[in-house]
Amino acid sequence: MLWIKAFHIIFVVTWFSGLFYLPRLFIYHTQWNDAVSNQQFKIMEKKLYYYITTPAGILTLLFGFWVLSYNFSGYLQESWLHMKFAMVLLLVIYHMYLGKIVGDFQMDQNRHSKGFYYALHGLPTLFLVIIVILAVVKPGGVIS
Amino acid sequence: MLMLWIKAFHVISLTIWFGGLFYLPRLFVYHAMQSDSRLQQRFILMEKNLYYRIMHPAAFFTFIFGFILAYPYFISHFSGTWLYLKLILVACLMMYHFYLGLLLQRFADQQNRHSAVFFRWLNELPTVFLIAIVLLVMLKPIF
C-alpha cells in the first residue's frame, strides 16, 4: 500500500509541474505571437500536455483509487476525503480545459488575453494548497 | 497537529520546486535547438523567471519546512538510515539546482557548451531523485 501511495505522490508532483507550466506557456504565447515563436510554443504546449501532463494525471487518479481500494468503506466516512474528491473533480475539469486551449492555439484560434491566462495560472496553486492540506492534515471529523 | 501543517507546506513547496526542476532543463533543450536569436533572448527571460522567481523561493521553503520536520529526529539521536540517505539525496538535488543556475548563466552569456541531447539526459535526473526520495520517505526502509 505504501508503494502505491508513494507512486501516487510521484505522479501528483509530475502532473502539477504540467498544470503549473502550461498556463505560463499560454501567457508567453499570447505575448509573443510572431510566426517563429508561435511555432515553437505550439510544439512546447503539445508535448507538455500530451506527453507529460495527461499521462501523469491519469496515473495519479489510477493510483489514488488504488490506495482507496484498500479500505474503501472506511475512507468514505472521512469528511476530508469528500472535500478532496470535490477539489480533484474541479482539477480534472481544469486539466481538460487546458487541453481545449492547447487545441485552440494549435489552430491559431486563441480567444483570450494575457490577463486571462495570468488568472488561470493562479488556479493550480490554490488547488494544490487545499488538496495537500486536506490529505495531510485531514481536518474535519468522521461522517456518522 | 502543527507538525502536520508544516508537513503539508513542505509538500506544497516541494511540488512547486519540482515543477521548476522538471521544466527548466526542458526549456534548455528547446533553447539549445533554437537558432533564432530573438527567440533565444525570450528563452533566457523564461528561464530566469522560472529559476529566480519560482524555483529559488520554492527550494528555500522546502528546505525550511523540511528542517523543522527533521529537527526532532536530530535531537533524539535518530538512527534510521532512510533519513540520512534522504538528506544525502537532497544535498545532491541542491547541487543539481545550483548547477541549473550555472547553465542558465552560461546561456545568458551566450556561452552554452552543451547539446540538446545533453539537456535531455539532464532532464531525466530530477525524476530519479523524486522517485528515490519519495520511496525513502514513504517506506522508511530499515537497512
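About the thresholds
Residues numbered from 1 in each chain as written. Chains lettered and ligands numbered in written order. Predicted model: local features only at pLDDT ≥ 70, side-chain atom pairs only at ≥ 80, totals over all residues. Heavy atoms only, no water. Axes fitted to C-alpha atoms, helices over the stretch in contact; angles between N-to-C directions. Helix = DSSP H or I, 4+ residues; strand = E, 2+ residues; numbered from the N terminus. Left-handed = near helix turned anticlockwise from the far one by under 90°. Contact = heavy atoms within 4.5 Å. Nonpolar A, V, L, I, M, F, W, Y, C, P; charged D, E, K, R; others polar. Phe/Tyr/Trp six-rings, centres within 6.5 Å; stacked < 30°, edge-to-face > 60°. Lys NZ or Arg CZ within 6 Å of the ring centre and 35° of its normal.

**Re the packing of helix α1 (residues 2–31) of chain A against helix α1 (residues 2–33) of chain B**
Okay, so step 1: Packing of α1 of chain A against α1 of chain B leaves a shortest axis separation of 8 Å and a crossing angle of 65°. In this structure, α1 of chain A crosses over α1 of chain B, and the sense of that crossing is right-handed. Facing V13, T14, F16, S17, F20, Y21 and L25 of chain A of α1 of chain A, the residues of α1 of chain B in contact are L14, T15, I16, F18, G19, F22, Y23 and L27 of chain B.
Okay, so step 2: Along the lines of polarity and charge, the residues of the contact of α1 of chain A with α1 of chain B split into 11 nonpolar, 4 polar and no charged.

**Focus: the packing of aromatic side chains**
Okay, so step 1: Counted according to the given criterion, the structure contains 28 aromatic pairs over all chains.
Okay, so step 2: Ring centres of Y51 of chain B and Y52 of chain B lie 5.1 Å apart, and the angle between their planes is 80°; this geometry places the pair in the edge-to-face category.
Okay, so step 3: Following the ring pairs from residue to residue traces out a cluster consisting of F7, F11, F63 and W66 of chain A.
Okay, so step 4: The side chain of R26 of chain B reaches across the aromatic face of Y30 of chain B, ending 5.1 Å from its centre.
Okay, so step 5: Over the ring of W82 of chain B we find K140 of chain B; its NZ or CZ atom is 4.8 Å from the centre of that ring.

**As for unusual backbone geometry**
Okay, so step 1: Backbone geometry at D108 of chain A places phi at a positive 55°, although glycine is not the residue there.
Okay, so step 2: Although it is not a glycine, K140 of chain B adopts a positive phi angle of roughly 40°.

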